[in-house]
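# Working through the structure, step by step
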Amino acid sequence: MDVSWTLWALTIFGLVALIAVDFFIGRKPHDVTTKEAGIWTLVWIALAVLFGLGLLVFGESQASGEFFAGFITEKSLSVDNLFVFVLIMAKFSVPSHLQQRVLLVGVLIALVLRAIFIAAGAAVIANFSWIFYIFGAFLIYTAWKLIQEARADEEEEEFEENRLLKSIERRFGVSDRYHGTKLFIRNNGKRVMTPLMVVMLAIGTTDVLFALDSIPAIFGLTQDPYIVFTANAFALMGLRQLYFLIGGLLKKLVHLSYGLSVILGFIGVKLVLHALHESGVHVPEISIPFSLSVICGVLIITTITSLIANKKQERAEAEKAAGAPAADSADENKSIGA
């Protein structure tokens, strides 16, 4: 897709305007209701769909298909980010009415960092086609690792601050409590960060780790930097509302890791096939429509199996709870009879 600098500028201006509107509406700290989160989640999804249809209307059917495939992939991978966001919020005991502000700024930091990653990735791909072998191998390895983690019986996870975040805290210092929406305060004449600033940086910089697999994944679906950037932007910008909408349901998506591993593994294979094709080897390439159907199919199956597994677990727990009093009563009667 041939994208002019004017279109780039208009796109970035439009995204900035949407972010400004989002910030203006949510400028006053408050507890986000499920209704509010649901409405705004639908708004962001609708905007993404309109953008994709706009590409189709203007004769870019290939770009439109790549955008939808990239958007759905990035959206599904971003849900995995929410698990870490929950850990971060718990680690820093963020007041509920400040969480939306934290997520808004944190996601903006993540978007800027991803834009840098995308620019670097596009430059590398343009000059070194063999990078697709590395991207493909990395995604296949990540898919295998996700399955291993999903199968492991691990204890409750806890968020650990990265080195960058720790060095920033040492450099500026951190106050011992929150001060509303203030990011810096004066403490004994010294300017220090508030915990709110630390949490925003934690969410923004932690997303870099997720970008290590999501950016190669979307480059496996399209090599167009414009599509890669817009798909990432729309996926990330609705992440804040999605956090409040399905935050309580995250633990029920027990098969999400398996689904994401299948998607990453599939795209990894697609990248390797593409690399072989670029090297002159006659191998079949996976089309965008087929990729889109596989991604959607895996997510639908993963959601259904997760819901079935949860219902079975809830039924088993209910039966166990119902049988416990009866068992206790029988033991008590037995002891009395003795």
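What counts, and where the lines are drawn
Position labels on residues start from 1 in each chain and follow its written sequence. Predicted model: local features are reported for residues with pLDDT of at least 70 only, side-chain atom pairs are reported and counted for 80 or more only, and whole-chain, interface and lining totals are derived from all residues. Based on all heavy atoms of the structure, the side-chain values leave hydrogens and waters out of the count. Comment: elements are numbered from the N terminus, with helices defined as DSSP H or I runs of at least four residues and strands as E runs of at least two. By definition, residues are in contact when any of their heavy atoms lie within 4.5 Å. Classification of ring pairs rests on two measures: the distance between centres of Phe, Tyr or Trp rings, Trp counted by its six-membered ring, which must be within 6.5 Å, and the angle between planes, read as stacked under 30 degrees, edge-to-face over 60 and tilted in between. Relative accessible area decides the class of each residue, using a 1.4 Å probe on protein chains only: under 20% of the type maximum gives buried, over 50% gives exposed, and in between gives partly exposed. For a lysine, the NZ atom is tested; for an arginine, the CZ atom; a charge sits over a ring if that atom is within 6 Å of the ring centre and within 35 degrees of the ring normal. Working definition of a nonpolar core: buried Ala, Val, Leu, Ile, Met, Phe, Trp, Tyr and Cys residues. They are joined through side-chain atoms within 4.5 Å. A residue's pLDDT is simply how confident the predictor is in it, with values from 0 to 100.

### So, the environment of D22
Examined against the element boundaries, D22 turns out to sit in helix α1 (residues 5–25). The spatial distance from the C-alpha of D22 to the C-alpha of M237 is 9.4 Å, given a sequence separation of 215 residues. Setting aside chain neighbours within four positions, we find D22 in contact with W44, L104, R240 and Q241.

### Some details on unusual backbone geometry
A positive phi angle is found at S93, which is not glycine, with a value near 45 degrees. Here S93 shows up in the loop between α3 (61–91) and α4 (99–127).

### Concerning the packing of aromatic side chains
Considering all chains together, one arrives at 13 aromatic pairs under this definition. Note on F67 and F234: the rings are 6.0 Å apart at their centroids and 85 degrees apart in plane angle, and the pair reads as edge-to-face. Of this pair, F67 sits in helix α3 while F234 is found in helix α8 (residues 225–237), placing the two residues 167 residues apart along the sequence. Residues Y141 and W144 carry aromatic rings whose centres are separated by 6.3 Å and whose planes lie at 35 degrees to one another, so their mutual orientation is tilted. One end of the pair, Y141, and the other, W144, are both in helix α5 (residues 131–151), three residues apart, so they sit about a helical turn from each other. With a relative accessible area of 46%, Y141 lands in the partly exposed category. An aromatic cluster of at least three residues, connected via ring pairs, comprises W8, F51, F67, F68, F71, Y226, F229 and F234. R171 extends its terminal NZ or CZ atom over the ring of F172, reaching a point 5.1 Å from the ring centre. The positively charged end of R191 is found above the aromatic ring belonging to F184, 4.3 Å away from the centroid.

### A closer look at the environment of A126
Structurally, the position occupied by A126 is in helix α4. A C-alpha to C-alpha distance of 9.0 Å links A126 and Q223, two positions 97 residues apart in sequence.

### Observations concerning the nonpolar core
In terms of nonpolar packing, the biggest core is built from 85 residues, with F67, F92, V94, V102, V199 and I203 touching the most fellow members. Per-element accounting of this core gives the leading share, 14 residues, to helix α7 (residues 195–219). Once you skip the residues sitting within four places of it in the chain, V199 turns out to touch I88, F92, V94, V102 and Y178.

### Re the confidence of the model for the chain
Averaged over every residue, the pLDDT of the chain is 82; residues scoring 70 or more account for 90%. Confidence, read as mean pLDDT per element, is least for helix α11 (residues 288–337) in the chain (76) and greatest for α8 (91).

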